[in-house]
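So you can see what is in the structure, the chains are spelled out below.
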There are 2 protein chains.
Amino acid sequence: MTDRVRISFGDKEVRVPAGVSVFDAASWHGIAIDSTCGGHGTCRKCRVRVDGQVEVSTSDPRAFSEDELAAGWRLACLARAGCDLAVEVPPLVTRPKAAMVGVGRQVILRPAVQKRCVTLTEPTLTDQRSDVERLLDALDDLEPSVDLQAVRNLPKALRENDYTVTAVVVDDRLVDVEPGDTTAQRYGIAFDLGTTTVVATLLDLSTGTPAAVASMLNAQQPFGADVITRISATMLDPDTLGRLTGRAHETLATLAGEVCAEAGVDPGRVYEVALAGNATMIQLALGIDPEPLGVAPFVVASRALPRVLAADLGVRVHPGAPAYTFPALGAYVGGDIVAGMLASGMDRDKRVRLFVDVGTNCEIVLGDGHRLLATAAPAGPAFEGAAIRCGMRAAPGAVEVVKVDEDGVRLQVIDDVEPVGLCGSGLVDAVAELVGIGLLDSSGRLMAEADAREKFPALADRLREVAGERVFVLHWRDDEPAVYLSQRDVRELQFAKAAIATGWRLLVEELGVAEEDIQQVLLAGSFGSYLSPANAVRIGLVPKIPVLRIVSAGNVAGEGAKMALLSMRERAGADALLEEVRYVELSDRPDFNDRFIEQLAFP
Amino acid sequence: MTDRVRISFGDKEVRVPAGVSVFDAASWHGIAIDSTCGGHGTCRKCRVRVDGQVEVSTSDPRAFSEDELAAGWRLACLARAGCDLAVEVPPLVTRPKAAMVGVGRQVILRPAVQKRCVTLTEPTLTDQRSDVERLLDALDDLEPSVDLQAVRNLPKALRENDYTVTAVVVDDRLVDVEPGDTTAQRYGIAFDLGTTTVVATLLDLSTGTPAAVASMLNAQQPFGADVITRISATMLDPDTLGRLTGRAHETLATLAGEVCAEAGVDPGRVYEVALAGNATMIQLALGIDPEPLGVAPFVVASRALPRVLAADLGVRVHPGAPAYTFPALGAYVGGDIVAGMLASGMDRDKRVRLFVDVGTNCEIVLGDGHRLLATAAPAGPAFEGAAIRCGMRAAPGAVEVVKVDEDGVRLQVIDDVEPVGLCGSGLVDAVAELVGIGLLDSSGRLMAEADAREKFPALADRLREVAGERVFVLHWRDDEPAVYLSQRDVRELQFAKAAIATGWRLLVEELGVAEEDIQQVLLAGSFGSYLSPANAVRIGLVPKIPVLRIVSAGNVAGEGAKMALLSMRERAGADALLEEVRYVELSDRPDFNDRFIEQLAFP
């Protein structure tokens, strides 16, 4: 974990990892500084005056006089904050656009994709500059390297359009040159590549607004519902990796086609994609053998991922469009969580905050604005409805909310149809409600029928035996138990919540805080969004804090992917998390089992 | 043109463009400095002590103590020479290999392609570094970015070979990881992509020696013999560009296959290719519209070319192998000439030297170790045998040497068969010899038959009229003139040599020297190699200097391509020529025509 330094921008003080640029530090906290190159050190517009020790960069002497340098003037994008600083930002010449993304995050628009329409002077025998030099000279605030595609298109684009062309620059590369003025068309696609569901958002990078959204089931589903099954599939048959990679590409390509069609956008005007996914999904999508992710000691092929093109992911947009992939912190804290941390500002909040992405693999992050710890807890498939008698995914017919009192049971069912099963949030509700009234004791045992007849006459009929196992019936069909909670289901949930609670308790200890110091709990992921905060507290899944401080953060991975497209500075922030977050491995802790057993009971 | 600075390494003083690294300056002059990273600033072994002002680089403080820095110690690869310096180089720890390439150039082997065999420690639950981090940590002297292909192959390569693998690094990229120790297999292919002939040399990059050579006619031939015809073909039919690109790829791929087969080398062990060619050949090979090269104001798409892969040129070697392409100085002074300048050390010799590549387009470079001027003269196709009555290429049956004295004519014919035509060197010889004895006067007029009968009775019969034109017969078949030189042929040669002589004379004036100051003339290209220096002087094609100072440099473009593969430092030298050489455009000079007419006569 790197040290943090304090930077004050007028009244506002922020803490960032040492070595971060002043420009990024400001961007991450919503403070805009002038810039047209987006932070590459080429436009020399991000002039700030720094109080404190900051080295003179190689570009500073070209931007400032010696007196100015002595007075602390520096280019913010090249000024590395190695110690505490006070920074004075001149009034903005142009107010940059911003967009609300993520968990209430205001993001200053600095997309990697930039367009510049320029009209060049025609070459003559006394000005024989090459086409590329002529163009680059006109893009004086950008100094990109040049892709072959751009060189191929440039001669014709210039000569057929009276030397008016639009340069398409993505990050530090000139990826294409388009005839005429196409600056208004500038798009990117953010993908949330989930194990189950994949979501694509087409973003207008000029405004930061979504132009279309589409989602579908990951076409890898037939190879297994969860990551472990899919990893196992690749281990059994060497051809499976290629097939899974193909399915991932097919899924991404289908969604890309859909969002472009829906918005009426030419896919050739999509110049970048961003991809958030867990380590297994990303390795499969990139064709990297996932086997070492699935067996101890759980090793990712690479935390930061190589620069690849959208085409390498099978996505048919502009052929030069790069694909930004969020780095993974470990085999079970992947790029989806890094994206989620970005979207929820886990690294930029002074409060003690706990981030929990509930699922088969539950990722947990704890931060206090100074340090960040992450871990993964093997919760098992209970929340996905697997290993639960009447379990099912959150689909039509799933019981998603359960209320139980002495008089009876009320259910809320997805799509208001007849209940056919119990999804994760319904499972948590059912258990929490039964614990609440006492039909389940704190050890997780269902009350004996005789006791129930006495204490809960209206409910006692629901205590039955099905297939030799005690159950609590939630719904009857033709007088037969149709949807119910079994004793073993309760055990499954206990195991799951114990794994999660052990995880965050160990992080709380590692950080040296107390459970009650936690000021906010973010429940991430699709499951987290539907969970009742009160019931999550009641079963001990999350710390016992006021319910209003438990926030459903929604699809933070997808939000993080959008942010990466909208701002290179935010993306740099995500990449910086690799050094910032300390990954805590639970599986080799000698005290894990004891702690786990302590957490099995309900509070 | 950039300024030059003086650097002394002990007794040896060199002059290099300001801004060049001390490491490159030493390399270019055969002075070896320790290094394992090849000059990327990562191995920190190129320690030198500098007398004179050199900025402290960002890596220097990690390599030296404050006292050492104050004493002038710097890493040579990051030390930019901005003014005159004296450099002390510590004794070498390992003596690097060197190879003789080009025109007597000793090249220190620093190929972009490097291999490192490493054995890594196995991951554990307490050491969960990713596979890529584990590998990069072991390559502590290199800090490459990582290609997707390498990430794909790494997990299996490690786990199936007891964690012993060979990293393949090309320039600043990790392009692959191979199981076991493959360090002995490290190859590159140097291509000389000529308009007529294409040559490929497979180089063993560990030793610098050629493993196989192959050549063939450029498969673009059916589209035209010279660059202008091929450019015109693309202008007439929009599909022709694609076809010409395909033909170039086919030619390169065939040759690559041949050299690998001949040497028994797996094409997958060829990790880089280098390509020297004129601007038209290179643009066609890269699929870039050549039209602006063919019409005034003669503009290249890009002087420095984008980073491309061998695969982008249709060459099936290692899929991650990059292709280095020599930059072009202008539409008619292309990468072949830059390669030739590199191979002949035009920028590193204190003598006044003239480099002439004779052909349809004749490229001329003049340098004095301080400044370099280049131009292109439109010599026309006479040297290629086109527009010459009995002209032909230098192929079997071509008269290549002609000796004429008062008693008769002696011919030397390629492959010693019956003469069928006259190639460029034979044409120059025939004209020069006839001028020598006086059968041609200095204005280029053949002597009247009556005068010849009187002065050259043994030769007079050879003066005939064929198809209404006066000729001098060189060879008879069945008593009929079979191979002869016509009056119009002489005129064609006069035009060609006048264009060339005007070119170098203007450069001589621009440089501010006199013709007799020229200490060496390098005749480059396949034609130049066969030209008789004495006769080149006699007709005024080259300056009038002692014949021994006129040197046939051979295929310098191909030699330059080899040097680029063998040394990144040499390659940097070629790229530096872009800033070093001043291109002089002849076609817009108001005095060109007058000067041209002055040069038509023979001296």
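Each residue is numbered by its place in its chain's sequence as written, counting from 1. Whichever chain is written first is A, and whichever ligand is written first is 1; the rest continue in order. In keeping with the model being predicted, local features are shown solely for residues with a pLDDT of at least 70 and side-chain atom pairs are shown and tallied solely at 80 or more, while totals for entire chains, interfaces and linings include all residues. Side-chain measures were taken over the full set of non-hydrogen atoms in the model, leaving aside hydrogen atoms and water.

## Topic: the interface of chain B and chain A
Logical step 1: The contact definition used throughout considers only heavy atoms, calling two residues in contact when any of these lie within 4.5 Å. Contacts between the two partners involve 37 residues from chain B, matched on the other side by 36 residues from chain A.
Logical step 2: For the pair chain B and chain A, the summed buried area comes to about 3,100 Å², and 63% of that belongs to carbon and sulfur atoms.
Logical step 3: Buried surface area refers to the total accessible area, computed with a probe of radius 1.4 Å, that the two partners give up upon joining, counted for both partners together. When the buried surface of chain B facing chain A is broken down by residue, B:L125, B:Q128 and B:L148 rank first, second and third, together holding 18% of it.
Logical step 4: One speaks of a salt bridge when a side-chain nitrogen belonging to Lys or Arg is within 4 Å of a carboxyl oxygen belonging to Asp or Glu. Our count for the chain B to chain A interface comes out at 4 salt bridges.
Logical step 5: Between A:K156 and B:D289 there is a salt bridge, with its nearest N and O atoms 3.6 Å apart.
Logical step 6: Side-chain atoms alone can form a polar contact between residues adjacent in sequence; in general such a contact is a pair of N or O atoms within 3.5 Å, and within protein one must be able to donate a hydrogen while the other accepts it. One can count 14 residue pairs in polar contact (both at pLDDT 80 or more) joining chain B with chain A.
Logical step 7: For the side of chain B that touches chain A, the secondary-structure elements that each account for two or more residues are helix 4 (131-138) and helix 5 (148-159) of chain B.
Logical step 8: Starting at the N terminus, helices and strands are each numbered in turn, a helix being any DSSP run of H or I of at least four residues and a strand any DSSP run of E of at least two. Looking at the side of chain B that touches chain A, the element that brings in the most residues is helix 5 of chain B, giving 6 residues.
Logical step 9: Its residues placed into classes, the side of chain B that touches chain A shows 18 nonpolar, 7 polar and 12 charged. Under the grouping applied here, Gly and all other residues not named as nonpolar or charged are polar, the nonpolar ones being Ala, Val, Leu, Ile, Met, Phe, Trp, Tyr, Cys and Pro and the charged ones Asp, Glu, Lys and Arg.

## Re the environment of A:Y484
All names here are of chain A.
Logical step 1: Relative to the helices and strands, Y484 is located in strand 26 (residues 480-486).
Logical step 2: For Y484 and R464, which are 20 residues apart along the polypeptide, the C-alpha to C-alpha distance reads 9.5 Å.
Logical step 3: Excluding residues that lie within four positions of it along the chain, Y484 makes contacts with R389, C390, L422, V466, V471, F472, V473, L474 and D489.

## Looking at the domain arrangement of chain A
All names here are of chain A.
Logical step 1: Domain start and end points were adopted from an automatic or database domain assignment. Domain annotation of chain A identifies domain 1 (4-88), domain 2 (113-179) and domain 3 (187-325).
Logical step 2: Put simply, the middle of domain 2 and the middle of domain 3, counted by C-alpha atoms, are 32 Å apart.
Logical step 3: Across the contact, 10 residues belong to domain 2 and 9 residues belong to domain 3.
Logical step 4: The junction of domain 2 with domain 3 conceals about 820 Å² of combined surface from both sides, 55% of it contributed by carbon and sulfur atoms.
Logical step 5: Seen at the junction of domain 2 and domain 3, the total is 2 salt bridges.

## Looking at the packing of helix 10 (residues 335-343) of chain B against helix 16 (residues 556-566) of chain B
Residue and element names in this part refer to chain B.
Logical step 1: In the contact formed by helix 10 and helix 16, the axes pass within 7 Å of each other and the chain directions differ by 75°. By the angle class used here, helix 10 and helix 16 are roughly perpendicular. Between helix 10 and helix 16, the residues in contact are D336, A339, G340, L342 and A343 and V556, A557, E559, G560, A561 and M563, respectively.
Logical step 2: For the contact of helix 10 with helix 16, the class distribution of residues is 7 nonpolar, 2 polar and 2 charged. Here the axes come from fitting lines to C-alpha atoms, over the contacting stretch only for helices, and the angles between their N-to-C directions go from 0 to 180 degrees. Between 65 and 115 degrees an angle is taken as roughly perpendicular, under 35 as roughly parallel, over 145 as roughly antiparallel, and anywhere else as oblique.

## Section: unusual backbone geometry
Logical step 1: That bond from A:A296 to A:P297 is cis: its omega, 5°, falls within 30 degrees of zero.
Logical step 2: Structurally, the position occupied by A:P297 is in the loop between helix 9 (291-294) and strand 16 (308-309).
Logical step 3: Residues other than glycine seldom take positive phi values, yet B:D478 does so here, at roughly 50°.
Logical step 4: With respect to the element layout, B:D478 can be found in the loop between strand 25 (469-477) and strand 26 (480-486).
Logical step 5: The classification of residues rests on relative accessible area computed with a 1.4 Å probe and restricted to protein chains. Under 20% of the type maximum is buried, over 50% is exposed, and intermediate values are partly exposed. By relative accessible area, B:D478 is classed as exposed at 71%.
Logical step 6: The backbone phi angle of B:D479 is positive, close to 65°, even though this residue is not glycine.
Logical step 7: By the element assignment, B:D479 lies in the loop between strand 25 and strand 26.

## Focus on the relation of the copies chain B and chain A
Logical step 1: The fit set for superposing copies consists of C-alpha atoms from residues with pLDDT of at least 70 in both; the fit itself is least squares. Once turned by 180° and shifted 0.0 Å along the axis, chain B lies on chain A with an RMSD of 0.1 Å. The transformation relating the two chain copies, once decomposed into turn and shift, fits a two-fold axis.
Logical step 2: Looking at chain B, 97% of its interface residues are interface residues in chain A too, so the copies touch through the same face.

## Quick notes on the nonpolar core
Logical step 1: We define a nonpolar core as any set of buried Ala, Val, Leu, Ile, Met, Phe, Trp, Tyr and Cys residues linked to one another through side-chain atoms lying within 4.5 Å. Ranked by size, the top nonpolar core spans 112 residues in total, and within it A:L135, B:I189, B:F191, B:L202, B:V315, B:F326 and B:M341 carry the most contacts.
Logical step 2: Counting residues per element, this core draws most heavily on helix 7 (residues 240-263) of chain B, which supplies 8 residues.
Logical step 3: In contact with B:F191, not counting residues within four places along its chain, are B:V199, B:A200, B:L252, B:L255, B:A256, B:V273, B:A274, B:L275, B:A276, B:V315 and B:A561.
Logical step 4: Of all hydrophobic cores here, the second largest spans 111 residues; its members include A:A323, A:L577, B:L148 and B:Y163.

## Concerning the pattern of salt bridges
Residues and elements named next belong to chain A.
Logical step 1: Taken as a whole and assessed by the stated rule, the structure comprises 76 salt bridges over all chains.
Logical step 2: E418 is the partner of R477 in a salt bridge, and the nearest nitrogen-oxygen pair spans 2.8 Å. Separated by 59 residues along the polypeptide, R477 in strand 25 (residues 469-477) and E418 in the loop between strand 22 (408-413) and strand 23 (421-422) bring together distant segments of the chain.
Logical step 3: On the basis of relative accessible area, R477 is assigned to the partly exposed category, the value being 36%.
Logical step 4: If you follow the salt bridges from partner to partner, you end up with E509, E510, R582, R589, D591, R595 and E598 in one network.

## So, the packing of aromatic side chains
Logical step 1: Any two of the Phe, Tyr and Trp rings considered here, Trp counted by its six-membered ring, make a pair once their centres fall within 6.5 Å; the pair's planes then place it as stacked at under 30 degrees, edge-to-face at over 60, or tilted in between. Per the stated rule, a full pass over the model turns up 10 aromatic pairs over all chains.
Logical step 2: Consider the rings of B:F298 and B:Y332, whose centres lie 6.0 Å apart with planes at 75°: the pair is edge-to-face. Of this pair, B:F298 sits in the loop between helix 9 (291-294) and strand 16 (308-309) while B:Y332 is found in the loop between strand 17 (322-325) and helix 10, placing the two residues 34 residues apart along the sequence.
Logical step 3: For B:Y332, a relative accessible area of 15% corresponds to the buried category.
Logical step 4: For A:R47, the ring lying beneath its charged end belongs to A:W73, and the centroid distance is 6.0 Å.
Logical step 5: Charge over a ring is defined by NZ of Lys or CZ of Arg lying within 6 Å of the ring centre and within 35 degrees of the ring normal. Between A:R571 and the ring centre of A:Y324, over which it is positioned, the NZ or CZ distance is 4.9 Å.

## A word on the sheet that holds strand 27 (residues 520-524) of chain B
All names here are of chain B.
Logical step 1: Two strands qualify as a pair provided DSSP detects at least 2 bridges between them. Taken in spatial order, the 6 strands of this open sheet run 28-27-18-19-20-29, and their pairing is mixed. Only two strands of the sheet have a single partner each, and these edge strands are strand 28 (550-554) and strand 29 (581-583). If you compare each strand with its neighbour and ignore which way they point, the axes differ by 25° on average.
Logical step 2: Alignment of strand 27 against strand 28, held across 4 bridges, turns out to be parallel. Bridge pairing in strand 28 places L523 opposite S552.
Logical step 3: Together, strand 18 (353-357), strand 19 (361-367), strand 20 (372-378) and strand 29 form the strand contacts of helix 13 (residues 487-511), whose direction differs from that of strand 19 by roughly 20°.

## Some details on the sheet that holds strand 17 (residues 322-325) of chain A
Adjacent strands of a sheet pair through backbone hydrogen bonds, lying either parallel or antiparallel.
Residues and elements named next belong to chain A.
Logical step 1: Taken together, 6 strands build an open sheet; the order of strands is 14-13-12-15-17-16 and the sheet is mixed. What marks the edges here is a single partner per strand, and that holds for strand 14 (209-217) and strand 16.
Logical step 2: The pairing of strand 12 (residues 187-193) with strand 13 (residues 197-204) spans 7 bridges and is antiparallel. Its bridge partner being in strand 13, D192 is matched across the sheet by V199.
Logical step 3: In the packing of helix 16 (residues 556-566) onto the sheet, the strands contacted are strand 12, strand 13, strand 15 (270-277) and strand 17, and the crossing angle to strand 12 comes to about 155°.

## Details of the side chain of B:K562
Residue and element names in this part refer to chain B.
Logical step 1: Tracing the chain through its elements places K562 in helix 16.
Logical step 2: A polar contact is formed between the side chain of K562 and the side chain of E559, at a distance of 2.8 Å.
Logical step 3: Among residues more than four places away in sequence, those in contact with K562 are V101, A190, T201 and L203.

## Examining the pairing of strand 14 (residues 209-217) of chain B
All names here are of chain B.
Logical step 1: Where strand 13 (residues 197-204) lies against strand 14, 8 bridges are found, and the strand directions are antiparallel. Its bridge partner lying in strand 14, V199 is registered against S215.
Logical step 2: What sits between strand 13 and strand 14 in their antiparallel hairpin is a turn of 4 residues, with G208 showing a positive phi close to 85°.

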